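Each chain, written out:
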Amino acid sequence: MRGRTALLLLGMGFFAGCASRAAKPQPPETSSGEGGTKVTRREKMPRNYLGEGVASFYGPGLHGRSTASGEKFNQNALTAAHRTERFGSCVKVMNMENGRQVEVRVNDRGPFVDGRIIDVSKAAAKQLGMLDKGLARVRLYRCGSDRVSQVPVEFWAVPA
């Protein structure tokens, strides 16, 4: 009896190993909304595209404190916190809910809340029209020239 069971299992394993694999389904094409172009893969996105997600703003409680770059945080400046972009990088933030956009300079690290892609200063949040809600669905792009602003050395240099 054991011999027949072992033979049956061996035969089933052999046939399962010879079975063809199912084809991987292709993702459906989605419209980007701009000019009716279809985008399916990351490599077809514009080179300056950084992603989309939820943005929040920070301000009054941190005004005047040091950022990760060493610069003092100014809630009235057009600055932002991003997890990976270089300090001084220019990022265009577009509010997908109302179409408003603003260019900010990255001078801090964050956000440290799951599901958020960027934290903007209070001034940037005001231009994006997100002060009342505190959160907004945004799309991020590198600025047109991909420029990096020159942050004065006294903001980031450690005193000797």
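Everything in this summary refers to the structure shown in the same document. Here the structure is a predicted model, which is why all the values come from computation and not from measurement. (Residues numbered from 1 in each chain as written. Predicted model: local features only at pLDDT ≥ 70, side-chain atom pairs only at ≥ 80, totals over all residues. Heavy atoms only, no water.)

1. Brief notes about the overall build of the chain
If you tally the helices and strands in the chain, you get three helices and eight strands. Start at the N end of the chain and walk to the C end: the helices and strands fall as α-β-β-β-β-β-β-β-α-β-α. Split into buried and exposed, the 160 residues of the chain put 31% on the buried side. Partitioning the contacts of the chain with sequence separation of at least 6, the portion at a separation of at least 24 is 70%. Just so you have it, the chain exposes about 10,900 Å², and 55% of that area is on carbon and sulfur atoms. (Helix = DSSP H or I, 4+ residues; strand = E, 2+ residues; numbered from the N terminus. Buried < 20%, exposed > 50% of the residue type's maximum accessible area, 1.4 Å probe, protein only. Contact = heavy atoms within 4.5 Å. Areas by Shrake-Rupley, 256 points an atom, 1.4 Å probe, with all protein chains shown as cover.)

2. Thoughts on the pairing of strand β7 (residues 116–121)
Burial analysis of β7 places five of its six residues in the buried class, the great majority of the element. Note: strand β3 (residues 49–58) against β7, five bridges, orientation parallel. Considered in β7, the bridge of V54 is made with R116. Of the strand pairs in this sheet, strand β4 (residues 79–81) and β7 are connected by two bridges, and their pairing is antiparallel. When the sheet's bridge partners are listed, A80 is paired in β7 with V120. (Pairing = 2+ DSSP bridges.)

3. Some words on the nonpolar core
The biggest cluster of nonpolar side chains holds 17 residues, and the ones touching the most others in it are V93, I118, V120 and V138. Elements with a minimum of two residues in this core: β5 (90–95), β6 (101–108), β7, α2 (122–128) and β8 (135–142). In contact with I118, other than residues within four places in its own chain, are V54, A55, S56, A80, A81, H82, V91, V93, P111, V138 and L140. (Core = buried A, V, L, I, M, F, W, Y, C linked by side-chain atoms within 4.5 Å.)

4. Some remarks on the environment of K122
Residue placement: K122 occurs in helix α2. Put simply, K122 and S56 are 66 residues apart on the chain and 9.4 Å apart in space, counted from C-alpha to C-alpha.

5. Considerations on the sheet that holds β3
In spatial order, the strands read β3-β7-β4-β6-β5-β8; together these six strands close into a barrel with mixed pairing. Between one strand axis and the next, the sheet turns through 45° on average, direction left out of account. In the sheet, β5 pairs with β6 via five bridges, with the strands oriented antiparallel. Across the sheet, residue M94 finds its bridge partner in β6, namely Q101. (Axes fitted to C-alpha atoms, helices over the stretch in contact; angles between N-to-C directions.)

6. Section: the packing of aromatic side chains
Under the defined criterion, the tally for this structure stands at two aromatic pairs. Here the basic side chain of R109 rests over the ring of F87, its NZ or CZ set 4.3 Å away from the ring centre. (Phe/Tyr/Trp six-rings, centres within 6.5 Å; stacked < 30°, edge-to-face > 60°. Lys NZ or Arg CZ within 6 Å of the ring centre and 35° of its normal.)

7. Looking at the pattern of salt bridges
This structure, assessed with the given rule, holds five salt bridges. E52 is the salt-bridge partner of R139, the closest N and O atoms lying 2.9 Å from each other. With R139 in strand β8 and E52 in strand β3, this residue pair connects regions lying 87 residues apart in the sequence. A residue is classified by how much of its surface remains accessible, and R139, at 14% relative accessible area, is buried. E52 sits in the partly exposed class, given a relative accessible area of 31%. Residue E85 is joined to R142 by a salt bridge in which the shortest nitrogen-to-oxygen separation is 3.4 Å. (Salt bridge = Lys/Arg side-chain N within 4 Å of Asp/Glu carboxyl O.)

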